[in-house]
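A structural walkthrough
One-letter residues, chain by chain:
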Amino acid sequence: MTAATRRPDWEAVGLRREEYERVCGLLGREPNPTELRMFGVMWSEHCAYKHSRPYLRRLPTAGPGVLRGPGENAGVVEVAPGLAAALKVESHNHPSAVDPFHGAATGVGGILRDVLSMGARPVALLDSLRFGPPDDPQSRRLRDGVVAGISHYGNSVGVPVVGGEVLYEDCYRANPLVNVACVGLLPSSRVFTSAAAGPGNPVVYAGARTGRDGIGGASFASEELDEGSAEADRGAVQIGDPFAGKLLIEATLEALDTGAVVALQDMGAAGLTCAAAEMSARGGVGMVLHLDRVPRRERGMTPTEVLLSESQERMLLVVQRGREEEVLKAYRRWGLRAEVVGEVVAEPVLRVYDAGQLVVELPPSALTQAPTYRVPEQEPEARRALRDADLSGLPQPDLTEALLRVLRSPSVVGKRPIYTQYDHMVQLRTVVGPGADAAVLRLVEAPPRGIAVSVDGNGRIAYLDPWAGGAGAVCEATLNVACVGARPVAVTDGLNLGNPERPEVAWELAGVVDGIADACRVLGVPVVGGNVSLYNESERGAVYPTPVVVCLGVLEDVGCAVPTGFQKAGDLVVVVGSGQVSLGGSEYLRVAHGRVAGCPVRADLELHRRLVDVLVRAAQQGLLRSAHDLSEGGLAVALAEACVAGGVGARCQLSPELFGRRTDVALFGEGPSRVVVSVAPERYEAFAELCARSRVPIRLAGRVGGTDLRVQLAEAEVVVPVEDLRSAWEAYR
Amino acid sequence: MNKRVRVVVFLKPGVLDAQGQAVETGLRALGFEASEVRVGKAFELTVPEEGWRERVRELCERFLTNPLIEDYEVFEREEVCVP
Amino acid sequence: MNKRVRVVVFLKPGVLDAQGQAVETGLRALGFEASEVRVGKAFELTVPEEGWRERVRELCERFLTNPLIEDYEVFEREEVCVP
Amino acid sequence: MRDPRFAVVVFPGSNCDRDCLHVLRDVLGYAAQFVWHETEDLSGFDAVLLPGGFSYGDYLRPGAVAATSPVVRAVRRFASLGGLVLGVCNGFQVLTEAGLLPGALLRNRTPTFRCEWVHLRVERTDTPFTGLYAPGEVVRMPIAHGDGRYHAPREVLEELERQRQVVFRYVDAQGRTTLDANPNGSVHHIAGVVNAAGNVLGLMPHPERCSEEVLGGQDGRRLFESMHRWLRERAAVAAGRSG
Ligand SMILES: Nc1ncnc2c1ncn2[C@@H]1O[C@H](COP(=O)(O)OP(=O)(O)O)[C@@H](O)[C@H]1O
Ligand SMILES: [Mg+2]
């Protein structure tokens with residue numbers, strides 16, 4: 001290659017010319033090659049949120065119980081007097097596409113350390129997954145690899161995977177989505193920070209040794225996947241060591257117990273560079289680091305490699321001067337490496353030496369102050385046309401057959417073969433495990449209280465109407481938590497979209513964030529953190545804009561947790577909440593008619609708030625025998641699932657006045673804020689009164705009992721033995 | 001006709017080999033002198049003889065290994081009947 | 001002087017190899033013809049040259065394998081430096 | 001009379017250690033404490049628990065590295081002197097690797113990890129671990145393992161059955177040993193075995209996960225209570241002799 005055709009250095013590290021000029025402006029000189037690489041990674045979309053930051057400002061982040069909002073490694077919210085939960089979600093989409101097992105495994109490791117960085121012991125994991133259809137062996141392989149990776153890491157570290165979701169669409173074939181969330185517990189009085197402080201305090205490196213893995217992983221996550229990328233980005237595959245991850249959790253908690261730790265952060269994307277820059281910038285101080293003191297796995301690593309390595313299972317800590325031995329001892333007791341590698345300085349400068357040689361000298365804030373971009377937002381014409389599609393003339397298929405097909409659809413079918421691969425019981429907190437609307441964990445620290453968690457999102461809805469998808473994800477997650485009887489207290493969100501430099505994706509991003517923001521504002525549930533993954537595109541196109549929302553709720557008494565399935569013959573079946581449904585973006589439309597089109601229902605957020613409140617109070621008052629939210633597959637699937645879960649049938653009548661004329665819409669139409677509950681006959685009056693007072697509509701639909709699900713409609717009747725429902729629902733592929 | 005082949009797979013040099021580290025520690029604890037321990041995988045399988053080299057190569061690259069992080073070697077075996 | 005050795009370990013014939021069966025099913029699903037698939041482990045390690053055969057045998061029997069369920073083979077390797 | 005003292009071993013990578021301690025100490029009120037994998041001193045303890053988890057990462061074979069640890073050397077001596085040793089899940093794997101129990105635990109028949117509730121039949125109630133169960137009783141316990149398929153050569157199996165060393169078998173809700181009720185393909189449906197002397201028990205299911213009703217059942221609790229009662233009785237006999 002001649003000098004003339006060589007890519008400019010800034011382009012090689014992924015910066016634009018203007019960005020390079022801005023770097024020079026901030027430094028007052030040109031960066032040296034090591035510094036340039038650091039900017040390349042720190043100013044990548046993955047680390048810097050260049051395209052998403054302006055939108056994220058719209059999210060409501062404050063609330064009465066919020067101890068830490070976005071801006072730290074995880075959000076923290078109080079869940080009982082003196083007890084707090086840390087909460088965070090993170091994506092590992094690109095690494096999982098390249099190596100599903102290790103990509104997903106390291107995703108688990110990373111999110112555990114985010115929560116650990118707040119001083120919390122991780123107590124639960126959730127996974128939200130998207131793949132191409134499972135009849136494609138490649139998609140199945142990806143899925144099985146991802147599940148095996150999560151299982152490998154989660155089981156080994158002893159943090160239960162208590163919930164999650166798996167949905168399949170063509171658009172995820174080349175771009176699977178792997179979002180993992182973690183919840184941790186900590187004393188409210190002992191929330192840690194990543195803000196470095198105290199000039200003269202030593203900086204401690206702890207955990208696994210540094211190798212050449214994952215160099216440039218953050219910038220890799222900010223590129224589209226193409227055929228050549230696999231080879232070119234070999235360095236971007238990281239391998240996790242759950243054993244080291246487990247030791248790091250125990251040793252770090254022990255180190256924090258000494259009281260000698262001032263601040264800490266994990267070394268994730270962009271490794272040591274990111275941790276040192278963010279910790280310094282957040283604390284308004286500087287750091288001096290000596291790279292030759294960093295424990296290494298390989299000989300001959302350059303300073304750039306040590307600074308940018310994304311080797312897993314490492315933490316950076318600032319420790320009170322004179323007490324470093326206590327902290328080092330905790331790590332070494334657990335067989336991990338721990339070394340003092342530098343110290344905090346008052347001057348806001350990051351000064352890095354290698355064998356006495358100064359290799360980097362930068363203001364840390366320069367690394368954390370990437371520019372932001374606004375791309376003009378433009379809804380594509382074709383999308384509007386899809387949404388405006390007239391679905392009123394669709395032929396109606398045989399409804400029984402349609403119900404079984406929807407139940408068998410991979411996105412709806414029971415996920416037991418997945419979640420039995422996860423240890424969901426370790427730590428002895430799991431009162432309700434995977435398979436229910438939300439998982440319930442007891443708080444042994446504050447009995448009989450518990451927390452509930454759920455993760456939800458529907459990319460198809462967001463594709464047709466980003467706002468409806470964003471708001472819908474919040475509604476579904478909060479409703480799931482409310483169904484088990486818990487009051488939602490916080491959410492964290494993961495946004496997965498395509499290339500944000502395209503106006504269409506900018507439009508999707510804006511709409512999705514607005515939907516989340518509006519919903520959270522009306523529901524009074526703060527967003528305490530989140531994650532953005534962009535550039536989820538291949539030559540086959542972008543993924544559907546896919547927001548996933550993790551909701552954390554608090555349950556006054558875990559003994560009052562409401563089950564999903566029908567419990568007792570004779571109980572009344574009641575459909576509670578919104579009456580608005582549509583086939584737009586529904587599972588039925590795709591499965592029975594092969595179409596993704598139509599106008600999804602936009603949530604009535606005020607009604608949703610009242611619905612959540614009614615469910616929580618009804619649960620507390622013991623009025624509910626079961627509760628299950630309506631999502632993919634609508635009322636028919638919810639009834640079927642309640643029958644299968646309870647092992648009992650039900651007989652329902654859907655009168656056209658209440659449920660609409662078109663029977664497939666009544667059965668399979670989808671829309672937010674709808675729940676099917678069962679209530680003991682003697683409690684019905686109290687429940688109806690509670691709903692009436694809160695202006696939440698209810699429709700009496702039938703009774704629990706028998707061995708069939710019978711649904712009588714205006715002109716038709718659907719009758720399916722519960723056993724057939726079960727075998728359809730268990731047809732996992 | 002069939003062919004019996006053995007494939008041995010190791011992580012590429014430089015890729016973290018957590019198992020290798022653990023085994024090395026274990027060996028040392030037992031008083032064995034051993035270093036640079038690497039742990040890999042081994043496969044044995046029977047494939048149709050015709051064009052077996054290309055087949056096995058393809059199968060390794062597409063299924064048995066991740067060529068990004070692993071190297072493999074293929075060996076011919078005597079045709080043995082695995083009961 | 002040191003010696004680099006490779007140890008290949010498979011479950012004894014007759015002991016059900018669940019992983020081997022799973023790999024076989026996976027290969028078939030992708031359209032590869034393969035049968036009698038066995039999945040095992042491979043180790044490479046450097047040991048002092050003197051008396052290496054006995055040493056490696058001992059180390060295999062006492063630690064690297066479980067003789068109740070596994071068989072092993074030992075191979076000499078060229079001395080290579082694993083970086 | 002001194003209350004029996006329980007030790008819960010902590011290996012690096014153990015992850016049910018805290019759960020076991022919680023049940024013994026907080027739920028049952030027994031004298032229990034952690035012991036570190038580097039200790040060789042188990043004096044003062046009456047029972048030792050090897051908990052579930054992934055000791056040393058389980059990287060070679062489950063339990064293989066742990067079997068070489070100082071504390072397992074101590075457990076060997078402890079067991080030979082008649083102390084009670086209970087290995088749960090990974091603890092069971094450690095005990096087989098250490099040669100304290102016969103057989104080996106192989107990758108599950110479907111080679112994935114499985115976490116779910118199973119039914120077990122209690123085959124013997126004349127052990128220190130099962131005194132409070134009824135003979136042939138069917139109990140429910142959770143499993144959570146990837147390598148739980150019990151295997152032993154035919155002669156060993158025959159010997160095990162002859163000596164009635166199989167203490168728990170996987171069964172269906174009616175107590176039948178069916179193929180479907182065997183979650184990992186264990187030979188003879190074996191879920192737990194005891195050594196010939198009767199003082200070392202290993203089992204794959206997790207009794208500590210079913211010792212409180214709020215977690216879905218309490219069938220595991222009686223296993224710990226049986227141990228406690230047996231130890232107290234032994235102490236009483238000893239006290240009677242010396243007194
Ligand atoms: N979608 C989002 N909503 C709210 N906060 C977000 C979102 N995405 C990122 N954040 C916040 O921005 C900060 C940086 O996030 P991230 O880069 O994912 O953290 P990390 O450094 O752990 O990778 C975090 O505090 C995170 O909570
Ligand atoms: Mg992070």
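Residues numbered from 1 in each chain as written. Chains lettered and ligands numbered in written order. Predicted model: local features only at pLDDT ≥ 70, side-chain atom pairs only at ≥ 80, totals over all residues. Heavy atoms only, no water.

So, the overall build of chain A
- The number of helices and strands found in chain A is 28 helices and 28 strands.
- Taking 27 Å as the expected radius of gyration for a compact globule of 733 residues, we find that chain A reaches 26 Å, a close match to that expectation.
- For the C-alpha atoms alone, the extent of chain A along its principal axes is close to 85 × 60 × 40 Å.
- Considering chain A as a whole, with its 733 residues, one finds that 66% of them fall into the buried category.
- Sequence-distant contacts in chain A: of pairs separated by 6 or more residues, those separated by 24 or more amount to 84%.
- When the accessible area of chain A is evaluated, it comes to approximately 23700 Å², of which 49% is carbon and sulfur surface.
- Side-chain charges in chain A split into 74 positive and 89 negative, and the spacing between the mean points of these groups amounts to 3 Å. (Helix = DSSP H or I, 4+ residues; strand = E, 2+ residues; numbered from the N terminus. Rg over C-alpha atoms; globule rule 2.2 N^0.38 Å. Buried < 20%, exposed > 50% of the residue type's maximum accessible area, 1.4 Å probe, protein only. Contact = heavy atoms within 4.5 Å. Areas by Shrake-Rupley, 256 points an atom, 1.4 Å probe, with all protein chains shown as cover. Lys, Arg positive; Asp, Glu negative; His and termini not counted. Charge placed at Lys NZ, Arg CZ, Asp CG, Glu CD.)

Side note on the side chain of A:Glu35
Residues and elements named next belong to chain A.
- Mapped onto the secondary structure, Glu35 falls in helix H3 (residues 33–42).
- A polar atom in the side chain of Glu35 sits 2.8 Å from the side chain of Arg29.
- In this view, Glu35 contacts Leu27, Arg29, Val359, Val360, Glu361 and Leu362; residues no more than four positions away in its chain are not counted. (Polar contact = N/O pair within 3.5 Å; in protein donor to acceptor, adjacent residues only side chain to side chain.)

Regarding the interface of chain C and chain B
- Contacts between chain C and chain B engage 38 residues on the former and 38 residues on the latter.
- The contact between chain C and chain B buries some 3300 Å² in all, and 62% of this surface belongs to carbon and sulfur atoms.
- Contact with chain B buries surface across chain C, with C:Phe32, C:Glu36 and C:Phe63 losing the most and accounting together for 17% of the total.
- Run the count over chain C and chain B and you get four salt bridges. (Buried area = accessible area lost by both parts, 1.4 Å probe. Salt bridge = Lys/Arg side-chain N within 4 Å of Asp/Glu carboxyl O.)

Let's talk about the coordination of the magnesium ion (ligand 2)
- In the first shell of the magnesium ion (ligand 2), the protein supplies A:Asp114 (OD) and A:Asp114 (OD), at 2.2 to 2.7 Å from the metal.
- Along the chain, A:Asp114 falls in helix H7 (residues 100–116). (Donors = N, O, S within 2.8 Å, 3.2 Å for Na, K, Ca; no water.)

Considering the relation of the copies chain C and chain B
- For the pair chain C and chain B, the best superposition has an RMSD of 0.3 Å and corresponds to a rotation of 180° with a translation of 0.0 Å parallel to the axis. Seen this way, the second copy is the image of the first under a two-fold rotation axis. When C-alpha positions in chain C are compared against the rotation axis, the closest is assigned to C:Lys41, at 2.1 Å.
- Residue by residue, 100% of the interface of chain C is reproduced at the interface of chain B, so both copies engage with the same surface. (Least-squares fit on C-alpha atoms with pLDDT ≥ 70 in both.)

A word on the packing of helix H24 (residues 634–646) of chain A against helix H28 (residues 722–729) of chain A
Residue and element names in this part refer to chain A.
- One way to put it is that H24 packs onto H28 with a least axis distance of 9 Å and a crossing angle of 100°. Here H24 is positioned roughly perpendicular relative to H28, judged by the angle of their axes. Here H24 contributes Ala640, Glu641, Cys643 and Val644 to the contact with H28, which in turn contributes Val722, Leu725, Arg726 and Trp729.
- Along the lines of polarity and charge, the residues of the contact of H24 with H28 split into six nonpolar, no polar and two charged. (Axes fitted to C-alpha atoms, helices over the stretch in contact; angles between N-to-C directions. Parallel < 35°, antiparallel > 145°, perpendicular 65-115°, else oblique. Nonpolar A, V, L, I, M, F, W, Y, C, P; charged D, E, K, R; others polar.)

Quick word on H28(A)
Residues and elements named next belong to chain A.
- The complete set of buried residues in H28 reads Val722, Leu725 and Ala728. One side of H28 carries all its buried residues, which in axial view fall inside an arc of 120°.
- Here the buried face of H28 lies against helix H17 (399–408), H24, strand E27 (708–712) and strand E28 (717–721). (Arc of directions from axis to C-beta.)

A look at the pattern of salt bridges
- The final tally for this structure, using the stated rule, is 98 salt bridges over all chains.
- With a shortest N-O distance of 3.8 Å, A:Glu381 and A:Arg384 are connected by a salt bridge. A residue pair is termed a helical-turn pair when its members lie 3 or 4 positions apart in one helix, as A:Glu381 and A:Arg384 do in helix H16 (residues 381–387) at three residues.
- Residue A:Glu381 is classed as exposed on the basis of its relative accessible area of 58%.
- Note that C:Lys12 is salt-bridged to C:Asp71, the shortest N-O span being 3.1 Å. Taken together, the residues C:Lys12 in the loop between strand E1 (2–11) and helix H1 (18–29) and C:Asp71 in strand E3 (residues 70–77) connect sequence positions 59 residues apart.
- According to the relative accessible area criterion, C:Asp71 is partly exposed, its value standing at 35%.

Concerning the sheet that holds strand E8 (residues 261–266) of chain A
Residue and element names in this part refer to chain A.
- Pairing is mixed across the open sheet formed by seven strands, whose spatial order is E8-E10-E7-E11-E9-E12-E13. Bordering the open sheet on either side are E8 and strand E13 (357–362), each of which pairs with just one other strand. Each strand of the sheet is rotated relative to its neighbour by a mean of 25°, with strand direction disregarded.
- Sheet strands in contact with H7 are E8 and strand E10 (314–319), and its direction is about 160° off that of E8. (Pairing = 2+ DSSP bridges.)

Brief notes about the site of ligand 1
Residue and element names in this part refer to chain A.
- If you check the shell around ligand 1, you find 17 residues, and the closest are Tyr49, Gly71, Glu72, Asp493 and Gly530.
- Note that a nitrogen atom of ligand 1 is positioned 2.7 Å from one of the side-chain N or O atoms of Asp493.
- Contact with the protein chains covers 87% of the free accessible surface of ligand 1, which is 550 Å².
- Those elements giving two or more residues to the shell around ligand 1 turn out to be strand E3 (83–91), strand E17 (487–496) and strand E18 (527–533).
- A class-by-class count of the residues in the shell around ligand 1 yields seven nonpolar, five polar and five charged. (Near = heavy atom within 4 Å.)

Digging into the domain arrangement of chain A
- Annotation of chain A at the domain level lists domain 1 (194–370) and domain 2 (562–733).
- Between the C-alpha centres of domain 1 of chain A and domain 2 of chain A there is a distance of 51 Å. (Domains from an automatic or database assignment.)

Describing the side chain of D:Ser55
All names here are of chain D.
- Positionally, Ser55 belongs in the loop between strand E3 (47–50) and helix H2 (70–80).
- The exposure class assigned to Ser55 is buried, which follows from its relative accessible area of 2%.
- Within polar-contact distance, the side chain of Ser55 engages the side chain of Asn90 at 2.8 Å.

Concerning the pairing of strand E1 (residues 2–11) of chain B
Residues and elements named next belong to chain B.
- With nine of 10 residues buried, E1 is to be regarded as a mostly interior element.
- Bridging between E1 and strand E3 (residues 70–77) involves eight bridges; their strand directions are antiparallel. Note that in E3 the partner of Val9 across the bridge is Tyr72.

Quick look at the pairing of strand E9 (residues 166–171) of chain D
All names here are of chain D.
- Summarising burial for E9: six of the six residues are buried, a large majority.
- Where strand E6 (residues 114–122) lies against E9, four bridges are found, and the strand directions are antiparallel. Bridge pairing in E9 places Val122 opposite Phe168.
- Judged from the three bridges that link them, E9 and strand E10 (residues 190–194) form a sheet pairing that is antiparallel. For Arg169, the partnering residue across the bridge sits in E10 and is Ile190.

A closer look at the sheet that holds strand E22 (residues 572–577) of chain A
Residues and elements named next belong to chain A.
- Ordered by their spatial adjacency, seven strands build an open sheet running E23-E25-E22-E26-E24-E27-E28, and the pairing between neighbours is mixed. If you trace the sheet from one side to the other, it starts and ends with strand E23 (626–629) and E28, each paired once. Here the strands of the sheet are splayed against their neighbours by 20° on average, with no regard to which way each runs.
- Pairing between E27 and E28: five bridges, direction antiparallel. Opposite Asp708, over in E28, you have Pro721 as the bridge partner.
- The strands touched by helix H23 (residues 605–620) are E22 and strand E25 (674–679); relative to E25, the strand with the most contacts, the crossing angle is about 25°.
- The strands touched by H28 within the sheet are E27 and E28, with E28 carrying the most contacts at an inclination of about 75°.

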